[in-house]
Amino acid sequence: MPEKLLNITACTLSPLGDSAIVITFGNGMEYSIHKKIKLLMDLLEDEPFTGFIECVPAFTNLTVFYDPFVVHKDQKQRNDTEISPYEVVRSILEMKLQDLKETKNLSHRTVSIPVCYGKEYGPDLEYVARYNDLTTDEVIHIHSTGEYLAYMIGFAPGFPFLGGMSEEIATPRRSSPRMTIPAGAVGIAGMQTGVYPISTPGGWQLIGQTPTKLFLPNVNPPSLLQAGDIVKFQPISDQEYKEMILKGGLQ
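Heads up: these notes are all about the structure in this document. Note that residues are indexed from 1 along each chain, following the sequence as it is written. Totals for whole chains, interfaces and linings use every residue, but because this is a predicted model, local features are given only for residues with pLDDT of at least 70 and side-chain atom pairs only at 80 or more, for both listing and counting. As a rule here, side-chain values come from all non-hydrogen atoms in the structure, and water together with hydrogens is ignored.

Describing the packing of helix α1 (residues 31–46) against helix α3 (residues 85–99)
- Interhelical geometry of α1 versus α3 gives an angle of 115 degrees and a closest axis separation of 10 Å. Where α1 crosses over α3, the handedness of that crossing is right-handed. Contacts between α1 and α3 involve L40, L43 and L44 from the first element and L93, K96 and L97 from the second.
- Gly is put with the polar residues, along with every residue not named as nonpolar or charged; the nonpolar set is Ala, Val, Leu, Ile, Met, Phe, Trp, Tyr, Cys and Pro, and the charged set is Asp, Glu, Lys and Arg. Residue composition of the contact of α1 with α3, grouped by class: five nonpolar, no polar and one charged. Whenever a helix is involved, its axis is fitted only over the stretch in contact; in every case the axis is a line through C-alpha atoms, and angles between N-to-C directions fall within 0 to 180 degrees. The numbering of helices and of strands both runs from the N terminus, where a helix is a DSSP run of H or I of at least 4 residues and a strand a run of E of at least 2. By definition, any crossing whose near helix is turned counterclockwise from its far helix by less than a right angle is left-handed, and any crossing with a clockwise turn is right-handed. Should any heavy atoms of two residues lie within 4.5 Å, those residues are considered in contact.

A few points about unusual backbone geometry
- The linkage connecting N220 with the following residue, P221, adopts the cis geometry, with an omega of 0 degrees.
- Relative to the elements of secondary structure, P221 occurs in the loop between β12 (205–209) and β13 (230–235).
- A positive phi angle, near 55 degrees, is found at D133, a position not held by glycine.
- The residue D133 is located in the loop between α4 (125–131) and α5 (136–144) in this model.
- Residue F155 is not a glycine yet carries a positive backbone phi of 70 degrees.
- Counting through the fold element by element, F155 comes out in the loop between β6 (148–153) and β7 (160–163).

Quick word on the layout of surface pockets
- Each cavity reported here is a set of points on a 1 Å grid over the protein atoms alone in which a 1.4 Å probe fits but cannot get out, each pocket an open set with protein on both sides within 12 Å along at least five of seven lines, and each lining residue one with an atom within 4 Å of a point. Grid points are joined across faces, edges and corners, and a volume is the space filled by probe spheres set on the points. Computed from the structure, the largest pocket encloses a volume of approximately 410 Å³.
- Taken together, 18 residues line the largest pocket, and the ones lying closest to its centre are C55, P57, I153, P221 and Q226.
- Those elements that provide at least two residues to the lining of the largest pocket are α1 and β3 (52–57).
- Looking at the lining of the largest pocket residue by residue, the classes come out as ten nonpolar, four polar and four charged.
- The calculated volume of the second largest pocket comes to roughly 190 Å³.
- Lining of the second largest pocket is provided by L39, D42, L43, D46, E47, D99, L100, K101, K104, N105, L106 and S107.
- Per-element accounting of the lining of the second largest pocket gives the leading share, four residues, to α1.
- Residue composition of the lining of the second largest pocket, grouped by class: four nonpolar, two polar and six charged.

Considering a negative patch on the surface
- On the surface, D133, D137, E138, E167 and E168 cluster together to form a negatively charged patch.
- Relative to the assigned elements, E168 resides in the loop between β7 and β8 (178–181).
- E168 sits in the partly exposed class, given a relative accessible area of 48%. Note on patches: the residues involved have over 30% relative accessible area and no salt bridge, like charges join within 9 Å, and the nonpolar side chains Val, Leu, Ile, Met, Phe, Trp and Tyr join within 5 Å. The method behind every accessible area is Shrake-Rupley, applied with a 1.4 Å probe, and residues are considered shielded solely by the protein chains displayed. Here a salt bridge means any side-chain nitrogen of Lys or Arg lying within 4 Å of a carboxyl oxygen belonging to Asp or Glu. Here Asp and Glu are counted as negative and Lys and Arg as positive; His is not counted, and neither are the chain ends. Every charge is mapped onto a representative atom, which is NZ of Lys, CZ of Arg, CG of Asp or CD of Glu. Think of it in three bands: with a 1.4 Å probe and only protein chains considered, a residue is buried below 20% of the maximum accessible area for its type, exposed above 50%, and partly exposed in between.

Let's talk about the environment of G202
- With respect to the helices and strands, G202 occurs in strand β11 (residues 200–202).
- Classification of G202 by relative accessible area gives buried; the value is 9%.
- For the pair G202 and Q75, spaced 127 residues apart in the sequence, the C-alpha separation amounts to 46 Å.
- Excluding anything up to four places from it in sequence, G202 contacts P177, R178, I181 and Y196.

Some remarks on the pattern of salt bridges
- If you walk through the whole model with that rule in mind, you get eight salt bridges.
- A salt bridge links K232 to E147; its shortest N-O distance comes to 3.2 Å. Of this pair, K232 sits in strand β13 while E147 sits in the loop between α5 and β6, placing them 85 residues apart in sequence.
- Residue K232 is classed as partly exposed on the basis of its relative accessible area of 34%.
- What makes E147 partly exposed here is its relative accessible area of 47%.
- When salt bridges that share partners are traced, they join D124, R174 and R178 into one network.

Observations concerning helix α2 (residues 68–78)
- If you check which residues of α2 are buried, you get V71, D74 and Q75. Around the axis of α2, the buried residues are gathered within 100 degrees of arc, so they sit on the same side. Turned more than 90 degrees away from the buried face of α2 sit F69 and Q77, all of them exposed.
- In the core, the buried residues of α2 are packed alongside β4 (61–66) and α3.
- Distance and chemistry together define a polar contact, namely a pair of N or O atoms within 3.5 Å, with one atom able to donate a hydrogen and the other to accept it when in protein, and with adjacent residues in sequence counting only for side-chain atoms on both sides. Structurally, the start of α2 carries an N-cap: the backbone nitrogen of F69 is 2.9 Å from a side-chain oxygen of D67. Of all possible arcs, the one meant is that of the directions from the helix axis to the C-beta atoms.

The following block contains the structure:
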């Protein structure tokens, strides 16, 4: 049976300034859309075109950055026809989209993140429980037994937007955001969960804290998590949290 090719008619390619193209695959946070984004990103990183800089994935699109000067210079060497760098890169991307096969499986790295739930570590845990007519222990159990897909990294350096959370603990954002949220705070906003990698303002409901560093400024890439990772949360005690901090966790 022949492999199913990606339907590129469902994609739209749009310029972003003079050095990037946004490829949009849909309009929702869906695994099928994420798969297409990840397949193209992997292909471009494995087989970069001349002038390629990087790809940045989001929920519904992939932004491809390129050096227009390098693309133009390479085009002039190959062909006397005057074509803009955007047209060159767009043509390349359209050809690569035609090569994508939807039947190809994605490989996902699994990352376990320890979390101390409740009390001073998760000041909104009781609210999340009341909102969903659950006990705090039930919220912890549901949150820590799920598997979450990192759809994208954004908002703050290393911040993972994680999908796949149970509707049983879905809770709206706070009506009044906090001015300061500590690094390592684990929160819920609607049907998503995430971890604040640095201290920043935010409006997510905080249910716990991790000693794990997600933003690693001296490492390449500087984010512990990447789009496509599977995240599992592991409940730990207050004592375990403090011991992990002493061993080199978040400062």
